[in-house]
Amino acid sequence: MTAHVDLTQTLFEVIDMRSFSNLWFWIMLALIWSGASHRVIGVPFDMVVRARRFGGQSERDLVDMVRINVNRMLHVAHVAGSWLIGLGAFVLTSLLLLAFWYDVEFAQAVVLIALPLGIVTVMSLATARRIAAEQPAPETLCKRLARHRFWVQLIGMASIFVTAMYGMYQNLSVAPGF
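Residues numbered from 1 in each chain as written. Predicted model: local features only at pLDDT ≥ 70, side-chain atom pairs only at ≥ 80, totals over all residues. Heavy atoms only, no water.

Their axes nearest at 10 Å, the elements helix α4 (residues 56-101) and helix α5 (residues 105-134) cross at an angle of 155°. Accordingly, the angle class assigned to the pair α4 and α5 is roughly antiparallel. Considering how the two elements wind past one another, α4 and α5 form a crossing that is left-handed. Counting all contacts with α4, which are made through Val66, Val70, Met73, Leu74, Ala77, Leu92, Leu95, Leu96, Leu98, Ala99 and Phe100, the residues of α5 involved are Ala107, Gln108, Val110, Val111, Ala114, Leu115, Ser124, Leu125, Ala128, Arg129, Ile131 and Ala132. Residue composition of the contact of α4 with α5, grouped by class: 20 nonpolar, 2 polar and 1 charged. (Axes fitted to C-alpha atoms, helices over the stretch in contact; angles between N-to-C directions. Helix = DSSP H or I, 4+ residues; strand = E, 2+ residues; numbered from the N terminus. Parallel < 35°, antiparallel > 145°, perpendicular 65-115°, else oblique. Left-handed = near helix turned anticlockwise from the far one by under 90°. Contact = heavy atoms within 4.5 Å. Nonpolar A, V, L, I, M, F, W, Y, C, P; charged D, E, K, R; others polar.)

This part is about the pattern of salt bridges. Taken as a whole and judged by the stated rule, the model has 4 salt bridges. Linking Arg50 and Asp46 is a salt bridge whose minimum nitrogen-to-oxygen distance equals 2.7 Å. With a gap of 4 residues between them, Arg50 and Asp46 both fall in helix α3 (residues 45-54), about one helical turn apart. With a relative accessible area of 34%, Asp46 lands in the partly exposed category. A salt bridge links Glu134 to Arg144; the shortest N-O distance between them is 2.8 Å. With Glu134 in helix α5 and Arg144 in helix α6 (residues 138-173), this pair connects stretches of sequence that are 10 residues apart. (Salt bridge = Lys/Arg side-chain N within 4 Å of Asp/Glu carboxyl O. Buried < 20%, exposed > 50% of the residue type's maximum accessible area, 1.4 Å probe, protein only.)

This paragraph deals with the packing of helix α2 (residues 23-38) against α5. At a closest axis distance of 11 Å, the pairing of α2 and α5 adopts a crossing angle of 5°. It follows from the interaxial angle that α2 and α5 lie roughly parallel. Counting all contacts with α2, which are made through Phe25, Leu29, Ile32, Trp33 and Ala36, the residues of α5 involved are Ala109, Ile113, Pro116, Leu117 and Val120.

This paragraph deals with the environment of Ile32. Of note, Ile32 is situated in helix α2. Relative accessible area serves as the criterion here: at 23%, Ile32 is assigned to the partly exposed category. For the pair Ile32 and Leu117, spaced 85 residues apart in sequence, the C-alpha separation works out to 9.1 Å. Sequence-distant contacts of Ile32, defined by excluding residues within four places in its chain, comprise Ile113 and Leu117.

What follows is the structure, given as structure tokens:
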């Protein structure tokens with residue numbers, strides 16, 4: 001019986017199950033922010049680059065794709081916006097309490113991803129509303145999407161930096177003694 005417990009304890013020491021020292025957490029963090037900066041309001045950014053570079057059909061495709069995604073986002077916000085805000089606030093508040101009141105490391109890791117993504121979601125909705133209201137020309141639309149992407153990337157870099165600093169602090173404060 002003690003050999004089994006010793007083996008389990010040894011495995012959990014070798015394969016660290018804590019969030020901030022787990023390689024999979026850092027890979028997931030990078031993938032999440034890479035995806036968030038690649039898809040601007042649900043539109044792949046390579047479509048924006050192609051529309052700027054070639055115009056014509058690429059430009060028309062971009063305008064159609066943006067129109068579809070903006071209408072979809074605004075419809076969801078209109079139909080279920082209040083419920084989604086309430087649910088999001090409940091989930092984030094619960095995570096914040098678990099993370100920093102009860103000191104649950106997994107919740108801390110999720111908060112450091114979810115909170116900035118919530119900000120990006122609000123920014124995306126604001127940009128979608130602005131695009132729907134103004135119906136900008138394709139050149140202006142490309143600039144607006146590029147500007148939105150810049151801010152998403154800035155929030156992503158700040159998020160990764162804060163998460164890395166907090167993760168290093170957590171790893172150093174819980175370092176195993178030899």
